[in-house]
Amino acid sequence: MKNSLLILMILCMFAACNQSTTRTSRYTPEQIAALQIDSTTILSAETDSIITIDVNPFLKRQLFIDFDTLVNDIKLIPLETTDESLLDDINKIIITDSHIYIFDELKGGGLAVFDRNGKFIKRMSYGQGPGDIARLYDISFDEE
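## Side note on the overall build of the protein
Secondary structure assignment for the protein yields four helices and four strands. The helix and strand sequence of the protein, counted from the amino end, reads α-α-α-α-β-β-β-β. Within the protein, the proportion of its 144 residues that are buried is 20%. Considering only residue pairs separated by 6 or more positions, the protein has 37% of its internal contacts joining residues 24 or more positions apart.

Printed below as a string of structure tokens:
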């Protein structure tokens, strides 16, 4: 009886290990459709009401970061919002002279490509078909 129970437990462990561990999107297609993307309004950032917060009392030490020397320009680029261009759990963003590449986890993951004005170009998703990515772990960009 003990041997039968042990064999049954081992078989259950093998069955559990063979199940797919592919991550699915946390949103269903119905939930995405309920967002009513077509009626989305683009809001502009208001910079005249910026609030400065002194974090030194919380850190118990003097902390000063001079962002003026680190940041030359700030540009807000609203990304085009369509069913294809939705993003989820962004892992990495690379901005080049001509494109914005976003490695995210929507529908199991992939790479979304936008032009520098935020217009959606294409998505390369995980999958087994032509144009699909077998597995993506990281992205980088080389000028050459």
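## Let's talk about the pairing of strand β2 (residues 99-104)
Here strand β1 (residues 92-95) runs beside β2; their pairing, made up of four bridges, is antiparallel. Across the sheet, the residue bridging to Lys92 is Phe103, located in β2. Counting the residues that bridge the hairpin from β1 to β2 gives three residues. Between β2 and strand β3 (residues 110-115), which follow one another and run antiparallel, lie five residues, and Lys107 among them has a positive phi close to 50°.

## Structural notes on the confidence of the model for the protein
Across the protein, the average pLDDT comes to 75, with 75% of residues at or above 70. Mean pLDDT values for the elements of the protein range from 50 in helix α1 (residues 2-18) up to 92 in β2. Taken together, the stretch residues 1-6 has pLDDT below 50 and engages in zero contacts with residues farther than four places along the chain or on a different chain.

## Structural notes on the side chain of Thr96
Mapped onto the fold, Thr96 is located in the loop between β1 and β2. What makes Thr96 buried here is its relative accessible area of 5%. In contact with Thr96, other than residues within four places in its own chain, are Tyr101, Arg116 and Phe141.

## Quick look at the packing of aromatic side chains
All chains considered together, the criterion is met by two aromatic pairs. Plain terms: the ring middles of Phe114 and Phe120 are 5.5 Å apart, the flat faces sit at 70° to each other, and that makes the pair edge-to-face. Assessed through its relative accessible area of 0%, Phe114 is described here as buried. Here Phe120 falls in the buried class, since its relative accessible area comes to 13%.

## A look at the environment of Ile90
As for its position among the elements, Ile90 is in the loop between α4 (67-70) and β1. Along the chain, Ile90 and Leu111 lie 21 residues apart, while their C-alpha atoms are 9.9 Å from each other.

Reading guide: rules and limits
- Residues numbered from 1 in each chain as written.
- Predicted model: local features only at pLDDT ≥ 70, side-chain atom pairs only at ≥ 80, totals over all residues.
- Heavy atoms only, no water.
- Helix = DSSP H or I, 4+ residues; strand = E, 2+ residues; numbered from the N terminus.
- Buried < 20%, exposed > 50% of the residue type's maximum accessible area, 1.4 Å probe, protein only.
- Contact = heavy atoms within 4.5 Å.
- Pairing = 2+ DSSP bridges.
- pLDDT = per-residue confidence, 0-100.
- Phe/Tyr/Trp six-rings, centres within 6.5 Å; stacked < 30°, edge-to-face > 60°.

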